[in-house]
Amino acid sequence: MGIAEVVGVVLFLAALVLTYTAWRRVRLLRAGGVHVALRSRVEENGRGWQLGVGRYRGDEFAWYRVFSLRAGPDRTIHRSDFEIDTRREPTEPEAYAMPVGARVLRCKTASGEVEIAMGPDALTGFLSWLESAPPGRSIPWAS
């Protein structure tokens, strides 16, 4: 096998991975997903943001990283284990990795602190989802 064949196989595999990634993202968005950037390590200033697609599944918010080959969600947040600490505008170094017009929510979850950035429409839907817990359940979040 010559160099041309090896390069051809590598390029074909790269195109296959890119096609799968694009198909996965479109599928998630068509199934009711929203663009969301997420960062688990809150202490990093402007670093560590990952763009993804979030979907609501009952009492869970499932987050799928855009550039991932994983079939399932990369992170799942349960409504009952979620509390919003603060809201803020993104800093200049952060804005590149977020949806346009995004607001950042600093939150506490059962697995630790996380920051979530989403555009105005997605944020309205997210806050409505948090407030719409079944009757009798307390909502552990602050505005």
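Residues numbered from 1 in each chain as written. Predicted model: local features only at pLDDT ≥ 70, side-chain atom pairs only at ≥ 80, totals over all residues. Heavy atoms only, no water.

Trainee: Sorry, what's going on with the pairing of strand S3 (residues 60-65) here?
Mentor: In the case of a regular strand, side chains alternate between the two sheet surfaces. Bridge count between strand S2 (residues 50-57) and S3: 6 bridges; the pairing is antiparallel. Across the sheet, the residue bridging to Val-53 is Tyr-64, located in S3. Two successive antiparallel strands, S2 and S3, enclose a turn made up of 2 residues, where Gly-58 displays a positive phi of approximately 65°. The sheet contact formed by S3 and strand S4 (residues 75-78) spans 4 bridges and is antiparallel. If you follow Trp-63 over to S4, its bridge partner there is Arg-75. (Pairing = 2+ DSSP bridges. Helix = DSSP H or I, 4+ residues; strand = E, 2+ residues; numbered from the N terminus.)

Trainee: Please explain the UniProt feature "transmembrane region" (unreviewed entry) in the protein chain as it appears in this structure.
Mentor: Under the UniProt annotation, the feature "transmembrane region" (unreviewed entry) is placed at residues 6-23. Along residues 6-23, the helical share is 100% and the strand share 0%, with 26 Å between the first and last C-alpha atoms. (UniProt positions renumbered as here; feature names shortened; annotations may be inferred.)

Trainee: What am I meant to see in a nonpolar patch on the surface here?
Mentor: Taken together, the side chains of Met-1, Val-6, Val-9, Val-10, Phe-12, Leu-13 and Leu-16 present a nonpolar region at the surface, about 720 Å² in accessible area. Mapped onto the secondary structure, Leu-16 falls in helix H1 (residues 3-30). (Patch = residues over 30% accessible without salt bridge, like charges linked within 9 Å, V, L, I, M, F, W, Y side chains within 5 Å. Areas by Shrake-Rupley, 256 points an atom, 1.4 Å probe, with all protein chains shown as cover. Salt bridge = Lys/Arg side-chain N within 4 Å of Asp/Glu carboxyl O.)

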